[in-house]
Amino acid sequence: MKPAVMVSNLLNQEGLVALMGGEVVALRVPSFYPEELCVQIAARMRKSDMYGNYVNAPEIARVGQAFFESVASAQLRKIYYARAVEWIHEMRSCCEPYLSPIDKLRLVLDETWPSGSRLGTLQGKKMFVGLARFFGAGVGAEPHQDVLAWDAPGVEEAERIEGQFAANIYLKMPQGGGDLLIWPMTLTREEYEWAGIQGSYGVHGAMLAHDPIRISPRTGELILFNSNLVHAVEKSRQGERVTWSCFVASEGVNQTLMMWS
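Fair warning: this is a prediction, and the values are worked out from it, not measured in the lab.

Draft legend 1. The environment of Phe67, seen in detail. Note on placement: Phe67 falls in the loop between β4 (61-63) and α3 (74-93). It is 17 Å that separates the C-alpha atoms of Phe67 and His89, two residues lying 22 residues apart in sequence. Ignoring sequence-local partners within four residues, the contact set of Phe67 consists of Arg77, Tyr80, Tyr81, Leu122, Met127, Leu148, Asp151, Ala152, Trp260 and Ser261.

Draft legend 2. View of the packing of aromatic side chains. Under the criterion given, the structure shown has eight aromatic pairs. Ring centres 6.3 Å apart and planes at 55° place the aromatic pair Phe67 and Tyr81 in the tilted group. Here the residue Phe67 occupies a position in the loop between β4 and α3, and Tyr81 occupies one in helix α3, the gap between them amounting to 14 residues. Where Tyr80 meets Trp87, the ring centres are 6.2 Å apart and the plane angle is 70°; that geometry is what we call edge-to-face. Ring-pair connections join several aromatic residues into one group, and the members of that group are Phe67, Tyr80, Tyr81, Trp87 and Phe128. Here the basic side chain of Lys104 rests over the ring of Phe32, its NZ or CZ set 4.5 Å away from the ring centre.

Draft legend 3. Local environment of the pattern of salt bridges. Within the structure shown, the criterion is met by 14 salt bridges. A salt bridge links Glu69 to Arg62, with the nearest nitrogen and oxygen atoms 2.9 Å apart. On the basis of relative accessible area, Glu69 is assigned to the buried category, the value being 0%. Shared partners join several salt bridges into a network, and the residues in it are Asp179, Arg214, Glu234 and Arg237.

Draft legend 4. Representation of helix α1 (residues 13-20). Restricting attention to buried positions, one finds in α1 the residues Gly15, Leu16, Ala18 and Leu19. Mapping the buried residues of α1 onto a view down its axis gives an arc of 160°, with all of them on the same face. Of the surrounding secondary structure, the elements contacted by the buried residues of α1 are β1 (5-7), β2 (26-29), α4 (101-112), β10 (163-172) and β14 (222-226). Where α1 terminates, the next one or two residues include Gly22, which has phi positive at roughly 80°.

Draft legend 5. Layout of the state of the cysteines. Enumeration over the complete set of coordinates arrives at zero disulfides. Looking at Cys94, it has no disulfide partner, and the nearest cysteine sulfur is the one in Cys95, 6.3 Å off. On the basis of relative accessible area, Cys94 is assigned to the buried category, the value being 10%. No disulfide involves Cys246; its sulfur sits 14 Å from that of Cys95, the nearest cysteine. Given a relative accessible area of 3%, Cys246 falls into the buried group.

Draft legend 6. Local environment of the nonpolar core. Counting residues in each nonpolar core, the largest one holds 80 residues, and the members touching the most others are Leu11, Met45, Leu105 and Trp260. Leaving out residues up to four positions away in the same chain, Leu105 has contacts with Leu11, Phe32, Ala167, Ile169, Leu222, Cys246 and Met259. With 10 residues, the next largest nonpolar core counts Leu181, Tyr192, Ala195 and Leu208 among its residues.

Draft legend 7. Representation of the layout of surface pockets in the model. In this structure, the largest pocket encloses a volume near 790 Å³. Where the lining of the largest pocket is concerned, the elements lending two or more residues are β8 (131-135), β9 (141-144), α5 (148-151), β10, α7 (189-195), β15 (231-233) and β17 (241-250). Ranked by the residues each element gives to the lining of the largest pocket, the list is headed by β10, at five residues. For the lining of the largest pocket, the per-class residue count stands at 25 nonpolar, 11 polar and six charged. Roughly 230 Å³ of internal volume is contained in the second largest pocket. Residue lining of the second largest pocket: 18 residues in total, with Gly140, Ala141, Glu142, Val233 and Lys235 positioned closest to the centre. Contributing elements (two or more residues each) for the lining of the second largest pocket: β9 and β15. Looking at which element gives the most residues to the lining of the second largest pocket, the answer is β9, with three residues.

Draft legend 8. Examining unusual backbone geometry more closely. Cis rather than trans, the peptide bond between Glu96 and Pro97 has omega equal to 10°. Take Pro97: it is sitting in the loop between α3 and α4. Its identity is not glycine, yet Ser31 carries a phi of approximately 55°, on the positive side. Here Ser31 shows up in the loop between β2 and α2 (35-46). Positive phi values are uncommon outside glycine, yet Gln123 reaches one of about 50°. As for its position among the elements, Gln123 is in the loop between β6 (121-122) and β7 (125-126). Given a relative accessible area of 52%, Gln123 falls into the exposed group.

Cut-offs applied
- Residues numbered from 1 in each chain as written.
- Predicted model: local features only at pLDDT ≥ 70, side-chain atom pairs only at ≥ 80, totals over all residues.
- Heavy atoms only, no water.
- Helix = DSSP H or I, 4+ residues; strand = E, 2+ residues; numbered from the N terminus.
- Contact = heavy atoms within 4.5 Å.
- Phe/Tyr/Trp six-rings, centres within 6.5 Å; stacked < 30°, edge-to-face > 60°.
- Lys NZ or Arg CZ within 6 Å of the ring centre and 35° of its normal.
- Salt bridge = Lys/Arg side-chain N within 4 Å of Asp/Glu carboxyl O.
- Buried < 20%, exposed > 50% of the residue type's maximum accessible area, 1.4 Å probe, protein only.
- Arc of directions from axis to C-beta.
- Disulfide = S-S within 2.5 Å.
- Core = buried A, V, L, I, M, F, W, Y, C linked by side-chain atoms within 4.5 Å.
- 1 Å grid on protein atoms, 1.4 Å probe; cavity = no way out; pocket = protein on both sides within 12 Å on 5 of 7 lines; lining within 4 Å.
- Points joined across faces, edges and corners; volume = space filled by probe spheres on them.
- Nonpolar A, V, L, I, M, F, W, Y, C, P; charged D, E, K, R; others polar.

Structural data, given as structure tokens:
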């Protein structure tokens, strides 16, 4: 039996193929970014003018804006597209004079994947990439799935995606809690709505048929996993959990990867 989680010292094609082919549910790359820089960058981003809270998950703070938030209104969608590149530049400035964690990921994926990778676009508009998220004490993320086609219904680029994967670089981890939980299952849209928590983006964990795989991330680590699987973030018990994250989409092994947040 193949392991549910693959650990590799480098982000390489072998690991990506195993993840995208469903041989593993997650790929861990320890020490992807220097731990001492992670701590500095997390502190800098907290001071950013873009620091705020999710529109549709206000308990979670973030720097930048998720495409998922733009589902709430046409105005938010307009702002997302209009400011996407500006936000990328502002996030990059938080790391100067160092290469940012998300820029390193973009470069390594482009160099590693045979057809390269690119910044995501939908309907000819560039998307933002590189969302930073802050989970304070007592805060987690409910079990949920991330599916671009659900957030952008009827959009051709979203419908073509064969696999969607979350990439998280861990800048800071709490003393307790903050684990990543992944259930080896997907729900249809109808099943998701049936199991949904009223007034929330998530579903009831007690209604899920399987036990989750538990991963305890470490500062500086990169973890990629299939975001179409149900997943959650355990509540932080002591301290703060800070990640720099994005999605990576595949339209097939011979196609360019697409990245966005």
